[in-house]
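Results of the structural survey
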Amino acid sequence: MVEIKNLSKYYGRNPAVKGIDFEIRDNEILGFLGPNGAGKSTTMNIIAGYLPSTGGTVTINGFDITEQASEAKKCIGYLPEIPPVYPDMRVEEYLNFVAGLKGVPKAERKQQIESSMERLHITDMRRRLIRNLSKGYKQRVGFAQALLGNPKILILDEPTVGLDPTQVMEVRNLILELKKDHSIIFSSHILAEVSAVCERVVIINKGEIMAIDTIENLERSMTADTVLNLTAEGDKEKIIRLLKDIRGVINISSIQEISEHKNLYQIELQNESVRNEIMSVLLNNQCSIIEITLAKLSLEQVFLKLTSQGKKRTSLQDLLTEMPEQPDNPYHEEV
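Now for a quick tour of the structure. (Residues numbered from 1 in each chain as written. Predicted model: local features only at pLDDT ≥ 70, side-chain atom pairs only at ≥ 80, totals over all residues. Heavy atoms only, no water.)

**Brief notes about the pattern of salt bridges**
In the structure shown here, the tally under the stated rule is ten salt bridges. A salt bridge links Arg 200 to Glu 28; the nearest nitrogen and oxygen atoms lie 2.5 Å apart. Within this pair, whereas Arg 200 is found in strand β9 (residues 200-205), its partner Glu 28 is found in the loop between β2 (14-24) and β3 (29-33), the two being separated by 172 residues in sequence. The burial state of Arg 200 is the same as that of Glu 28; both residues are buried. Glu 177 is the salt-bridge partner of Arg 119, the closest N and O atoms lying 3.4 Å from each other. Remark: Glu 177 occurs in helix α6 (residues 165-178) and Arg 119 occurs in helix α4 (residues 106-119); sequence separation between them is 58 residues. Look at Arg 119 and you get partly exposed, because its relative accessible area is 31%. In this structure Glu 177 comes out as partly exposed when scored by relative accessible area, which is 37%. What you see here is one network of salt bridges that share partners, running through Glu 92, Lys 110, Glu 114 and Arg 126. (Salt bridge = Lys/Arg side-chain N within 4 Å of Asp/Glu carboxyl O. Helix = DSSP H or I, 4+ residues; strand = E, 2+ residues; numbered from the N terminus. Buried < 20%, exposed > 50% of the residue type's maximum accessible area, 1.4 Å probe, protein only.)

In structure tokens, the structure reads:
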């Protein structure tokens, strides 16, 4: 188990992480989400022992990462966003080097290296120079080194960056398989992957925890009877205009064309009572209502709802790729 208590990190007066608390349970896959500059990589670097914290504690299987760093780090396998590979080494040579650094006994090294290469499907690359590998294969080599030493805790920061769809599926299945023997914290900008492999998620924004819960509970609690799916027949522009003029309609979050003049609208409301006003307005303006039902927010919509700060964003991609107001570390790029 990993316990993070009142963890904070400041660069001068600039806070990157502000007194956060959460835990990673045994044999759990925990999703760690947030927009750029939210403090994700800083937090993961502190958990892994790469960065010192300004305050608070991180305990790995009972070992304090600051006071008992050597013992704590033996329990950790870390894949940062940029894989820590040496381009002038060959794949097998590099993995053997990392195994030595991790203190893997010589009698066990060959078997562990073979196993990690097989799991990541890089056995046929063993004698290739890392510099000559594609980005996807470099990512796999970085993942392979994280498995050496059979660590109890795996910290994976964007583990599928640079992989093609087939490779992404392979890594997703590997992560689910690793859950049997490991606790995993998994950060990704691809929310479909998080939904597919994670049981609980932590959402962080501007260094503060916005939510910690299962995906199902977050989707249910954030919906709160205020999101409707409306299927209506009529001129689309007219319907949108009518809906926007109704007091209590916050946003029309998506529109899907079903057939000519028939569309599905997802509408966010201030409260459930607005539903009756919507029906009345549309019917009075000769717009046919085919169906109106309560909708459930997706993880993407929950994420946007929790991390938006009054600035209108039209898509998740806008939020994830925009430049942060303040990076985790104002003196270095986030790693």
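So much for the structure itself; the text now carries on.
**Here we look at the pairing of β9**
Taken across its six residues, β9 has six buried, putting it largely inside the fold. In this sheet, β9 lies alongside β3 in parallel orientation, the contact comprising four bridges. Bridging from a neighbouring strand, Gly 31 pairs with Val 201 of β9. Bridging between β9 and strand β10 (residues 208-214) involves six bridges; their strand directions are antiparallel. Pairing of Val 202 across the sheet is with Ile 212, part of β10. In this antiparallel pair of consecutive strands, β9 and β10, the connection spans two residues, and Lys 206 shows a positive phi of 50°. (Pairing = 2+ DSSP bridges.)

**Observations concerning the sheet that holds strand β6 (residues 76-79)**
An order of β6-β7-β8-β3-β9-β10 is seen for the six strands of this open sheet, with the pairing classed as mixed. At either margin of the open sheet sits one strand with a lone partner, and together these are β6 and β10. The average undirected angle you get between the axes of adjacent strands in this sheet is 15°. Where β6 and strand β7 (residues 153-157) come together, four bridges link them in parallel fashion. What sits directly across from Gly 77, in β7, is Leu 154. (Axes fitted to C-alpha atoms, helices over the stretch in contact; angles between N-to-C directions.)

**Looking at helix α9 (residues 236-244)**
Residues of α9 that are buried include every one of Ile 239, Ile 240, Leu 242 and Leu 243, and no others. Viewed along the axis of α9, the buried residues span an arc of 165°, placing them on a single side of the element. Exposed residues pointing more than 90 degrees away from the buried face of α9 are listed as Glu 237 and Lys 244. Structurally, the start of α9 carries an N-cap: the backbone nitrogen of Glu 237 is 3.4 Å from a side-chain oxygen of Asp 235. (Arc of directions from axis to C-beta. Polar contact = N/O pair within 3.5 Å; in protein donor to acceptor, adjacent residues only side chain to side chain.)

**Re empty space enclosed by the protein**
In this structure the tally under the stated criterion is one cavity of 30 Å³ or more. Within this model, the largest cavity holds a volume of roughly 50 Å³. As for the largest cavity, its lining consists of Arg 119, Leu 120, His 121, Arg 140, Gln 167, Glu 170, Val 171 and Leu 174. The dominant element in the lining of the largest cavity, judged by the number of residues it contributes, is α6, at four residues. The residue makeup of the lining of the largest cavity, split by class, is three nonpolar, two polar and three charged. (1 Å grid on protein atoms, 1.4 Å probe; cavity = no way out; pocket = protein on both sides within 12 Å on 5 of 7 lines; lining within 4 Å. Points joined across faces, edges and corners; volume = space filled by probe spheres on them. Nonpolar A, V, L, I, M, F, W, Y, C, P; charged D, E, K, R; others polar.)

**A word on the side chain of Ser 183**
With respect to the secondary-structure elements, Ser 183 resides in strand β8 (residues 183-187). Classification of Ser 183 by relative accessible area gives buried; the value is 0%. Among the polar contacts made by the side chain of Ser 183, one reaches the main-chain amide nitrogen of Asn 27 at a distance of 3.0 Å. Among all residues touching Ser 183, those that are not within four sequence positions of it are Ile 24, Arg 25, Asp 26, Asn 27, Glu 28, Lys 152, Ile 153 and Leu 154. (Contact = heavy atoms within 4.5 Å.)

**Structural notes on the layout of surface pockets**
Reported here for the largest pocket is a volume of approximately 710 Å³. Lining the largest pocket are 25 residues, and of these Tyr 50, Ile 76, Val 98, Leu 101 and Lys 102 sit closest to its centre. Elements supplying a minimum of two residues to the lining of the largest pocket: α2 (69-73), β6, α3 (91-101) and α4. With four residues, the single largest contributor to the lining of the largest pocket is α3. A per-class count over the lining of the largest pocket returns 14 nonpolar, seven polar and four charged.

**A word on the sheet that holds strand β14 (residues 288-294)**
With respect to topology, four strands assemble into an open sheet ordered β12-β13-β11-β14, the strand pairing being antiparallel. Here the strands that pair on one side only, and so sit at the sheet edges, are β12 (249-259) and β14. Adjacent strand axes in the sheet meet at a mean angle of 20° when their direction is disregarded. Where strand β11 (residues 227-233) lies against strand β13 (residues 262-269), seven bridges are found, and the strand directions are antiparallel. In the sheet register, Ala 232 faces β13, and the bridge partner there is Asn 263. Running at roughly 160° to β12, α9 makes contact with β11, β12 and β13 of the sheet. Here helix α10 (residues 274-284) sits on the sheet in contact with β11, β12, β13 and β14, set at roughly 170° to β14.

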